[in-house]
Amino acid sequence: MLFNSLTFLVFFAIVLALHNAPFPWRMKKFNLLIASYLFYAAWSPPFVILLWISTAVDWKVAQWIHRSDDTARRRFILILSMATNLGILGYFKYGGFLLENFTVTMAAMGVNYQAPDWNIILPVGISFYTFQTMAYSLDVYLKRAEPAKSLLDFSLFVTFFPQLVAGPIVRPSQLVPQFATPKKATPPQFYWGLGLITIGMFEKIVLADSFLAPAADGAFGAAGALAPLDAWTGVLAFSGQIFFDFSGYSTIAIGTALCLGFALPNNFLYPYAAIGFSDFWRRWHISLSTWLRDYLYIPIGGNKRGRIRTYVNLMITMLLGGLWHGASWTFVIWGGLHGLYLSVERMLREAIPEQNWFRSLWFKIAMALVTYFLINITWVFFRAQSFDQAMTMLASMAGIAVEPEKVLYLNEIVPAAIIIAGMVATHWYLRMRSMEDVIAAAPKWLIGVIWTFMLFMLMITQGSDSAFIYFQF
């Protein structure tokens, strides 16, 4: 069930009505749990079983870990939990990738191995809820949190439908306590939630799908090399498409939860105004970057074991972060480039003393543009279907491709250019501000005009009911 569908609007209206009915809090939580299972089952009912397995395993594992004082036993139970969660994720997401690479390796060794067909459907959202349940068991093991007191509350933590299939990846301490007491949105929360849902829909349906996807899909769907203008337009359009698509989903999720009286953490903070790559990862997919920092980068040593080990740890974290996005070498390269960027940035910070002109506006703008340029290089590997296509796209952008073709027209290039310029300018304006403060300071008539404009655009574009890009992860 997609957020950007009429089915979801009907579903959400029913959930809201039941949530605001005069039922006991426990019954309302059961309603939310059943609604969450129905929401997930709309894609494939059998995969709800995976949610039940994940819920049951981590519910019991956390209790066993909490009750045990034996370090070896606690570690063994945690490994059991990790093996179960990562085993399910690995089977569905990486089985075909591993089999394909095993076959290539055998062929390189002269062994003629014919791999069986791997026609396994990837359960939607499995990467997100797997990381969420793993965070629960790890927090209990590390004694950062106690196990949930109620199986119902824990089940809701795993399946809460607004953020179930594409995040934000929520920590137990952020959501489980909210289920302990009755929650109902106040009028300001409800209207703010509806506003966020409208903004998220506008980002996804109008900006990502209607204005940017044609240019991005046209460029990356071409069979050969492109003219430099088309290549750059396609890559820049994709940078906007993936931001508005994913940010749109997160904004709708946060708004939906808020309409029910629950708070979810922000997942984006105007990332294309980032000055440097560590700043970018504090602003892009925040719930994943902080997860990787707290449960991978710091446990393997972080920056506490010397300079070389810090660079190695950054590379390991970002390579695995790239692989988390998809079972393809192009995603690994995408992660590796980010690891390289972070390592070089750290190296330069250590080598070059702080200068007064580092704090000047022109220097910050220049560094933000350099950061955005290099981020776009990584998006080529993220979007390309193969390594060869990515290299052809980079050659096209550099103007050195052989026999480049013109595939985009003005009706695709001009809207993409206007929206990208507006997006970067907006991110820069909001870099040190919050949207809440900007809206609070604006005249109410202006808010009404903008809200009406977004609703009007949603009605005339209507959208294509296309899935969110991050659903494939």
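Residues numbered from 1 in each chain as written. Predicted model: local features only at pLDDT ≥ 70, side-chain atom pairs only at ≥ 80, totals over all residues. Heavy atoms only, no water.

Asks: Can you break down helix α6 (residues 151–159) residue by residue, with the values?
Replies: Most of α6 is tucked away: eight of the nine residues are buried. Considering only its buried residues, α6 is in contact with α2 (25–41), α3 (48–67), α5 (126–141) and α7 (172–175). Where α6 begins, the capping side chain belongs to S150, and its oxygen is found 3.1 Å from the backbone nitrogen of L152. (Buried < 20%, exposed > 50% of the residue type's maximum accessible area, 1.4 Å probe, protein only. Helix = DSSP H or I, 4+ residues; strand = E, 2+ residues; numbered from the N terminus. Contact = heavy atoms within 4.5 Å. Polar contact = N/O pair within 3.5 Å; in protein donor to acceptor, adjacent residues only side chain to side chain.)

Asks: Account for the pattern of salt bridges, with residues named and values stated.
Replies: Tallied over the entire structure, the rule returns 15 salt bridges. Among the salt bridges present, the one from D209 reaches K204, with a minimum N-O distance of 3.2 Å. What makes D209 buried here is its relative accessible area of 14%. Here D279 ties to R283 by a salt bridge, and the two come within 3.0 Å at their closest N and O atoms. Here D279 matches R283 in class, with each residue buried. (Salt bridge = Lys/Arg side-chain N within 4 Å of Asp/Glu carboxyl O.)

Asks: So what's going on with the side chain of Q241? Residues and values would help.
Replies: Residue position: Q241 is located in helix α9 (residues 228–259). Of the residues examined, Q241 reaches a relative accessible area of 7% and is grouped as buried. Aside from chain neighbours lying at most four places away, what touches Q241 is A208, L212, A213, A216, D217 and I469.

Asks: Mind laying out the side chain of T310, listing which residues take part and the relevant values?
Replies: Within the fold, T310 resides in helix α12 (residues 307–325). Owing to a relative accessible area of 3%, T310 belongs among the buried residues under this scheme. A polar atom in the side chain of T310 sits 2.7 Å from the backbone oxygen of G306. Apart from the residues within four sequence positions on either side, T310 is in contact with Y297, G302, N303 and R346.

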